[in-house]
Number of protein chains: 2
Amino acid sequence: MKHRPLLFFLAAVAFSLPAAAEDGYDLWLRYRAVDATAYPELATGVRELVTGAKTPTLAAAERELMRGLSGLSGTPIPLVGAISQDGALLYGTPRSSEVVATLPLDLARLGPEGYVIRSIAVNGRVATVIAANSDVGVLYGAFHFLRLIQTRAPLHALDIASQPRTRIRVLNHWDNLDRHVERGYAGQSIWDWHKLPGWLDPRYTDYARACASVGINGSVLTNVNANATSLTPAYLEKAAALAGVMRTYGVRVYLTARFSAPIELGGLKTADPLDPAVRAWWKAKVDEIYRYIPDFGGFLVKANSEGQPGPQDYRRTHADGANMLAEALAPHAGVVMWRAFVYSNETPTDRAKQAYDEFVPLDGKFADNVLVQVKNGPVDFQPREPFHPLFGAMPKTPLMMEFQITKEYLGFATHLTYLGPLYEEALESDTLVKGKGSTVAKVIDGELHGYKLTGMAGVANIGADRNWSGSQFDQANWYAFGRLAWDPTASSGAIAEDWLRMTFSNEAQFVRPMVAMMMGSREAVVDYMTPLGLHHLMDTGHHYGPGPWVDNLSRADWNPTYYHRADANGIGFDRGPKGSDATAQYSPKVAARFADLKKTPENLLLWFHHVPWDYRMSSGRSLWDELVLHYTHGVEVVSQMRAAWAAQQDRVDAERFAQVAAFLAIQQQEAQWWRDACIAYFQSISKRPLPAGVAPPAHPLEYYRQLKFPYAPGRG
Amino acid sequence: MKHRPLLFFLAAVAFSLPAAAEDGYDLWLRYRAVDATAYPELATGVRELVTGAKTPTLAAAERELMRGLSGLSGTPIPLVGAISQDGALLYGTPRSSEVVATLPLDLARLGPEGYVIRSIAVNGRVATVIAANSDVGVLYGAFHFLRLIQTRAPLHALDIASQPRTRIRVLNHWDNLDRHVERGYAGQSIWDWHKLPGWLDPRYTDYARACASVGINGSVLTNVNANATSLTPAYLEKAAALAGVMRTYGVRVYLTARFSAPIELGGLKTADPLDPAVRAWWKAKVDEIYRYIPDFGGFLVKANSEGQPGPQDYRRTHADGANMLAEALAPHAGVVMWRAFVYSNETPTDRAKQAYDEFVPLDGKFADNVLVQVKNGPVDFQPREPFHPLFGAMPKTPLMMEFQITKEYLGFATHLTYLGPLYEEALESDTLVKGKGSTVAKVIDGELHGYKLTGMAGVANIGADRNWSGSQFDQANWYAFGRLAWDPTASSGAIAEDWLRMTFSNEAQFVRPMVAMMMGSREAVVDYMTPLGLHHLMDTGHHYGPGPWVDNLSRADWNPTYYHRADANGIGFDRGPKGSDATAQYSPKVAARFADLKKTPENLLLWFHHVPWDYRMSSGRSLWDELVLHYTHGVEVVSQMRAAWAAQQDRVDAERFAQVAAFLAIQQQEAQWWRDACIAYFQSISKRPLPAGVAPPAHPLEYYRQLKFPYAPGRG
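**Student:** Would you explain the sheet that holds strand β6 (residues 159-162) of chain A in this entry?
**Tutor:** Residue and element names in this part refer to chain A. Here six strands make up an open sheet; going across it, the order is β2-β1-β3-β5-β4-β6 and the pairing mixed. Two strands bound the open sheet, and with one partner strand each, they are β2 (79-80) and β6. Where strand β4 (residues 115-122) and β6 come together, four bridges link them in antiparallel fashion. The partner of Y115 across the bridge, within β6, is S162. Against the sheet, helix α2 (residues 56-73) engages β1 (48-50), β2, β3 (88-92) and β5 (125-132), with an angle of about 155 degrees to β3.

This is the structure:
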């Protein structure tokens, strides 16, 4: 008989059900219970929440506080009608709360969106008050207060006052009506237009919560490559439904305006901005929009750029176009955000110069409710660019910043690239137009030129993916954008730390190395993609992977070879006085520095100069060797990032740990690919040997040239 | 002083954190804790799980049992090495388990995928055994056992034996490599090709679990409108990574083969299936595929249909094409699923006749490892069609069923339409080819003609939406497809009940009315879209909404007017002997019934006959009146469905309740739109008054005609 008795006996294995999966949906608003031993502040600091007036926004603030405090305490927090003990938390505006009205909070200095968080005695009790002049200010304060707990900050003797340094803090969604997101790497658009207005996905509310939590107060729902259909009644009804959700959280809805809409929708023969019928059409259209969306924010416009129609089609200026729309919006207090990202189809001049050339002459000619939206650099969201020469050059025109949050040129969703340092580098750049300290930040926050309107836009990295941004760490870029829009002088390192604490863990052994990893991550991308001022080496169309050899596109300035100009002699784009003279667009001292090969920062060297391969760098090495070593170093850093992450396995939940680890493995492969392909290509031109000890590319150049990615996501 | 003391005091309001949100991700595998009082079976029936051999699939079965039993019990279930008490649950195959090997289970009768679940004494203990000849059989049994608990069935005196009646139970994903899903209404493709093979989304595992839970054992990853790129090494590596996940759950991977791939990928001048170089190319390609995916299932092919290339391009037959691929696959035990959905670009004959005309002459000419895949009806997945005349007409060729799970023509994601009755109606249809009882089910399960290969395909409704299928209730169609593929004679009502109990609630006051709602839902769609045998009235391209007036498409048989043929005299497509004679394609008695206006079932009347508006229906009313009343009734049923759902608010979690309620509101609006548009249009032709008491359309016909939906999802 084959049966043998089973001799072993396993002890009953404890099987615990998994807690709610950590899939990243909660973003930085996680509210997991704190360890009371390690952080006793919370138990004594917040014992009860005093309920307040029930306006929609104050109710949202209260819901958030209840959700956050209860989650963080691990126990429901009492909601009371009035202070009953020490440790009370109360909130409100002077209008909504009689208690707040009587407290000496000096709210007047805070403006319409600022708030205070103050430890204060109320009726003989130790209390904390969150107060503001407006409901949304209170909401911002509530999120700030929760952040204090999430980052384990002290909750006693609080005396926080904060107000935004820019007025319009807005996400730009390059989302098409078919839910394709141009340059989107996080799945489809979160706007499910087809099911709107009948179905309001709860995700819309969570989007608005996340925006409000970092102070974002506007959302441009539609792609800058605009579709007039979004202005038809059927779509305005849908946009109005979204606006209804977002209004509670202080997020205004904006739309992109296709300049030719009067022709496409109105049946007019022209879209000439000086044509009375065209002006009347827009006026009527804007009035109609405000009937659907009473607090509509206004229009974002990409005109006469990359094939989009615009006023120049009628020999009018950008100012003519913008002012026509501004006139229609002005009675409703709406604004026009007019993009400066233009480059001519015909002009053979350096593409980096064209926005300046077109817009500077228009300074002072825009209506009061127009902002000109300028990308951080003069080309197009590269891993590194110098600051855009328009900053500081249009004192009479409010310039707003346009950052790209989605990583079109920085590794899509899988490369861990924290963009805070990129934003900070741009904002800290000194234009010197009014002497030292004339930073880009001071341009856009209005301090330098006294702009009345100010703003910052971020091209969103948000999609329908469960984790919102395509990867866990890409959430940090949404977060950092919001924080920097609120305060363009904030530190990207401090923001990274806040984000890590809120999103992952407060353990020091986690926070310290992970801040370091994030802070170094952007420079790694620069190194393995475009070191030393190189730019736009990405392959055609999708911008995924290297294509430094591409030279066959219809427009010269779409070709990587246009930008790197590598030849037997050297590499780089001469933008000095003997070259395109783009340096002359900066203020004299900046121009002098960029025009001088010796004074140009090495990390922008090849942006401004065509440099011989044997040029001696500050390291003493040749440019060629330095270039190869930068590429190689970029890969090494990614390898260190992988190791640093691997060491955190015990401190991160399994699901998010695994995803980040898998993405880092992809990043390492692709960093290697970038490095190898670029070195193989540039070596075919420089004809120089690799520095000693440096590994050659894994494959011959031809291998890299033949790789094709016809279905890479996010195509334009 | 303005301050007045606060006189009120609110009692502390209890605030409970929300439980894990019920967003539908868990599908029917929810495993929420049972009410032990109402269902004491579980506590006594399962006290411990006896661990088993750790093959990948048996380990998956054990994981599922641990997860399910622990969830359903609300407490971790002990995992033990051997039976220690009454209430033990053990599992295995004779090979994996010595205990199972000794038990008198008569496994031989079960075939390779069947299983038994038996209450049985083992070593003097009361035990339950799940046993099968194969690991995957055990996995199927484990899911069945969990279903017993989920549906609150008795767990004692079990004596269940089950095996599938078809061999290939496969989902067809019409998913493009850019993640667009043709006719998909649940977001992007779940296959994130760009991040494969580096990132294996946990969702792939949950997909495979869900498939296995209903017995689905194959997945065609790519669109039938095929792209040769999916056969390149880069994509085979990605498909192999998916196969690695699915293999554990008994799900084989299949791909679609683009017939012209030898030209597009191989650089050949021809794709002629009789060309030796072409045959060699496919043989080498297939060998290559099996190096990546050793258990690759085979190819699904759409050839010479709607613009796809095929053997007829070279004057070869469908059999020539299929057999060439079959020859390459045969050494690896792969199969070809060759679609019969063909209609000529040139032939002006009734489109409904063409598949039959092309394929019947080929009966007996296909290789042994070819199945011909036939849609349930002769046109294209309409709300109602007669069964396809090929069923019963190809006794020497294995015909497999192709059902559409995604609701291309039945309301996209928002209309609650349970397709079980549609599938059941098709499967129950009697071909009469071998006398009474020669049902379509018996054709496809092989009983009627002795097919050696059998199968059923379902065009998947699965996407990246959180709830998988676009709506909560659309999950039921995935579920029902799987259950009917396993047993084509199963009852769609019983399946609906199982699904509701597993997915929502076991409360009788929920189950009873919701089964009724589901079971009536498909007939409601038929009524408000295409009653009395009407078909293909959907608007152009997107198939969303009514377009009965459309008559301008390039092909006559893409126009709704081709199908309804309404004129002053009457309406309907004469397919009888004096018409297209499509009725002659059925076996004589069926043909006689369909050819006779008086004998044709009224629900197919206008499919087979052009009928005068004043024709007297069985109700005594005129056809015109009956048509209008059907349209009106369809809307009324949706209104009743809304009310029935609204009454369940207390029995369903808030999030799913709200989504279903919102979708039903959309459905009611759109049912009204369908009804009004069709009545407005047909009345413009019939010139007859509406029956007394029936409301006229809300808008004039022109209103409906001008509605456009350029961004409706799922375009082909």
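So, next bit.
**Student:** Teacher, can you tell me more about the packing of α2 of chain A against helix α4 (residues 135-150) of chain A here?
**Tutor:** All names here are of chain A. Running from N to C, α2 and α4 point in directions that differ by 10 degrees, and their axes come no closer than 8 Å. In terms of orientation, α2 lies roughly parallel with respect to α4. Contact residues: T57, L58, A60, A61, E64, L65, G68, L69 and L72 in α2; D135, V136, V138, L139, A142, F143, F145, L146, I149 and Q150 in α4. Counted by class, the contact of α2 with α4 contains 14 nonpolar, three polar and two charged residues.

**Student:** Please explain the confidence of the model for chain A as it appears in this structure.
**Tutor:** Scored by pLDDT, chain A comes out at a mean of 95, with 97% of its residues at no less than 70. In the predicted complex, the global pTM is 0.96; the interface-specific ipTM is 0.95.

**Student:** Before we go on, may I ask you to explain the packing of aromatic side chains in this structure?
**Tutor:** Aromatic rings considered in pairs are described by the distance between their centres and by the relative angle of their planes. Per the stated rule, a full pass over the model turns up 85 aromatic pairs over all chains. Between W28 of chain A and Y479 of chain A, the ring centres sit 5.1 Å apart and the planes meet at 65 degrees, which makes this aromatic pair edge-to-face. In this pair, W28 of chain A sits in the segment before α1 (41-45) while Y479 of chain A sits in helix α13 (residues 475-486), placing the two residues 451 residues apart along the sequence. There is no split in this pair, since W28 of chain A and Y479 of chain A are both buried. For the ring pair Y290 of chain B and F296 of chain B, a centre distance of 5.5 Å and an interplane angle of 80 degrees mean the geometry is edge-to-face. Residue classification places Y290 of chain B among the buried positions, given a relative accessible area of 8%. You can call F296 of chain B buried: its relative accessible area is 1%. Through pairs of rings, three or more aromatic residues link up here, namely Y25, W28, W191, Y204, Y207, W468, W478 and Y479 of chain A. Seen from the ring of W468 of chain B, R203 of chain B lies directly overhead, with NZ or CZ sitting 4.2 Å from the centre. A cation over a ring is seen here: R351 of chain B above Y343 of chain B, with NZ or CZ 3.9 Å from the ring centre.

**Student:** So what exactly am I meant to see when it comes to the side chain of E113 of chain B here?
**Tutor:** All names here are of chain B. For E113, the location among the structural elements is in the loop between α3 (98-102) and β4 (115-122). Here E113 falls in the buried class, since its relative accessible area comes to 14%. Side-chain polar atoms of E113 contact the side chain of R169, separated by 2.9 Å. Polar contacts involving the side chain of E113 include one to the side chain of N217, which spans 3.1 Å. When residues no more than four places from it in sequence are discounted, the contact partners of E113 are S134, G137, Y140, P164, T166, R167, R169, N217 and W486.

Rules and cut-offs
Residues numbered from 1 in each chain as written. Chains lettered and ligands numbered in written order. Predicted model: local features only at pLDDT ≥ 70, side-chain atom pairs only at ≥ 80, totals over all residues. Heavy atoms only, no water. Pairing = 2+ DSSP bridges. Helix = DSSP H or I, 4+ residues; strand = E, 2+ residues; numbered from the N terminus. Contact = heavy atoms within 4.5 Å. Axes fitted to C-alpha atoms, helices over the stretch in contact; angles between N-to-C directions. Parallel < 35°, antiparallel > 145°, perpendicular 65-115°, else oblique. Nonpolar A, V, L, I, M, F, W, Y, C, P; charged D, E, K, R; others polar. pLDDT = per-residue confidence, 0-100. Phe/Tyr/Trp six-rings, centres within 6.5 Å; stacked < 30°, edge-to-face > 60°. Buried < 20%, exposed > 50% of the residue type's maximum accessible area, 1.4 Å probe, protein only. Lys NZ or Arg CZ within 6 Å of the ring centre and 35° of its normal. Polar contact = N/O pair within 3.5 Å; in protein donor to acceptor, adjacent residues only side chain to side chain.

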